[in-house]
Amino acid sequence: MSHKKDIEALNWTLQDLRDSTDIMGGMVVLLAGDFRQTLPVIQRGTPADEIQACIKSSSLWPTVEKLRLKTNMRVHLHNDGDSGLYPEMLLKIGDGSLDVDAEGYISLSREFCNLVESDVDLIAYVFPELQQNLCSDQWLCARAILAPRNEIVNRINTDILNEVQGEMKEYLSMDTIMNTELSTSYPVEFLNSLELSGVQSHKLQLKLNVPIMLMRNLDAPRLCNGTKLRITKLVLLF
Ligand SMILES: *[C@@H]1O[C@H](CO)[C@@H](O)[C@H](O)[C@H]1NC(C)=O
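Computed from a predicted structure; not experimentally measured.

What the protein contains, in helices and strands, is nine helices and four strands. Along the protein, from the amino end to the carboxyl end, the secondary structure elements read α-α-α-α-α-α-α-α-β-α-β-β-β. For the protein, whose C-alpha radius of gyration is 23 Å, the value lies well above the compact-globule estimate of 18 Å for 238 residues. When its C-alpha atoms are laid out on the principal axes, the protein stretches across 55 × 55 × 45 Å.

With that settled, consider the pairing of strand 1 (residues 169–172). Burial along strand 1 is one-sided: Lys169 and Tyr171 are buried, while Glu170 and Leu172, pointing the other way, are not. Here four bridges tie strand 1 to strand 2 (residues 203–206), and the two strands are oriented antiparallel to one another. Across the sheet, Leu172 pairs through a bridge with Lys203, a residue of strand 2.

Its boundaries defined by the atoms lining it, the second largest pocket holds a volume of some 1800 Å³. Residue lining of the second largest pocket: 44 residues in total, with Gly33, Asp34, Leu67, Arg68 and Leu69 positioned closest to the centre. When residues of the lining of the second largest pocket are traced back to their parent elements, those giving at least two are helix 3 (73–78) and helix 4 (82–95). For the lining of the second largest pocket, the leading source of residues is helix 4, giving ten residues. For the lining of the second largest pocket, the residue count by class is 25 nonpolar, nine polar and ten charged.

Take the site of the ligand next. Around the ligand sit Asn11, Trp12, Gln15, Ser59 and Leu60, and that is every residue in its neighbourhood. Measuring from an oxygen atom of the ligand, one finds a side-chain N or O atom of Gln15 at 2.7 Å. At 3.1 Å, a side-chain N or O of Ser59 approaches an oxygen atom of the ligand. Within the complex, the protein chains bury 58% of what would otherwise be the 360 Å² of accessible surface of the ligand.

According to the stated counting rule, one finds three aromatic pairs in the structure shown. An angle of 85° between the planes, with centres 5.6 Å apart, marks the rings of Phe35 and Trp61 as edge-to-face. Placement of the pair is Phe35 in the loop between helix 1 (4–17) and helix 2 (47–53) and Trp61 in the loop between helix 2 and helix 3, with a sequence separation of 26 residues.

Let us look at the pattern of salt bridges. All chains considered together, the criterion is met by four salt bridges. Note that Arg230 is salt-bridged to Asp137, the shortest N-O span being 2.7 Å. Of this pair, Arg230 sits in strand 4 (residues 228–230) while Asp137 is found in helix 7 (residues 137–141), placing the two residues 93 residues apart along the sequence. Close ionic contact of Asp219 with Arg222 constitutes a salt bridge, the shortest N to O distance being 3.5 Å. You can call Asp219 partly exposed: its relative accessible area is 35%. According to the relative accessible area criterion, Arg222 is exposed, its value standing at 61%.

The rules behind these values
Residues numbered from 1 in each chain as written. Predicted model: local features only at pLDDT ≥ 70, side-chain atom pairs only at ≥ 80, totals over all residues. Heavy atoms only, no water. Helix = DSSP H or I, 4+ residues; strand = E, 2+ residues; numbered from the N terminus. Rg over C-alpha atoms; globule rule 2.2 N^0.38 Å. Buried < 20%, exposed > 50% of the residue type's maximum accessible area, 1.4 Å probe, protein only. Pairing = 2+ DSSP bridges. 1 Å grid on protein atoms, 1.4 Å probe; cavity = no way out; pocket = protein on both sides within 12 Å on 5 of 7 lines; lining within 4 Å. Points joined across faces, edges and corners; volume = space filled by probe spheres on them. Nonpolar A, V, L, I, M, F, W, Y, C, P; charged D, E, K, R; others polar. Near = heavy atom within 4 Å. Polar contact = N/O pair within 3.5 Å; in protein donor to acceptor, adjacent residues only side chain to side chain. Areas by Shrake-Rupley, 256 points an atom, 1.4 Å probe, with all protein chains shown as cover. Phe/Tyr/Trp six-rings, centres within 6.5 Å; stacked < 30°, edge-to-face > 60°. Salt bridge = Lys/Arg side-chain N within 4 Å of Asp/Glu carboxyl O.

So this is what it looks like as structure tokens:
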């Protein structure tokens, strides 16, 4: 679900590298995705901006050969009719064919998902008996809470972390300025308050056994961006 300009830039680059005027320099490029699920994210953009940034609005799109996956393999292989209902409902949401109320909201049924009233209920539902299970990698791998915004992720993380027993250790990022002349334009408080996507917050709070997600390729392919890890030792750095 990249920005269309990324894919257009790939076309230019491949044409240039391969010294060819064919689209993508004559290479086969495989794109995969579901437009119902994610459109490119345009900061402070309107829905129209997002659609405009989508590869469907690119001059490359008519040249793309579209193949569709139509068979639900889980239903097909395991003859599991019930798991067919879930994707059917998802498709209806994506197509906008569900009934909406006066405010434009759709209602999800109990058969489609479990509804909870609060963050506390959600955490208790997804991570029951947290303390006893925390050391089991298998148990941790089977569950996650996803949220659309970092701010909600932070809130839920803090709540779960508070529930875990043990001493909390705090790790702060480097916040000194190399060029002291710039210190008036970038006060430390400002640097510490930045929440950039893909960059860890200034303050990292950890406890023993809590799961974390690696954000850099440290030792590819063994330790790649996105690998889930569990804290087994906390040291203080100075
Ligand atoms: C692909 O890139 C070339 C520039 O190398 C450009 O002239 C052409 O219009 C691009 N094709 C499409 C379909 O955007």
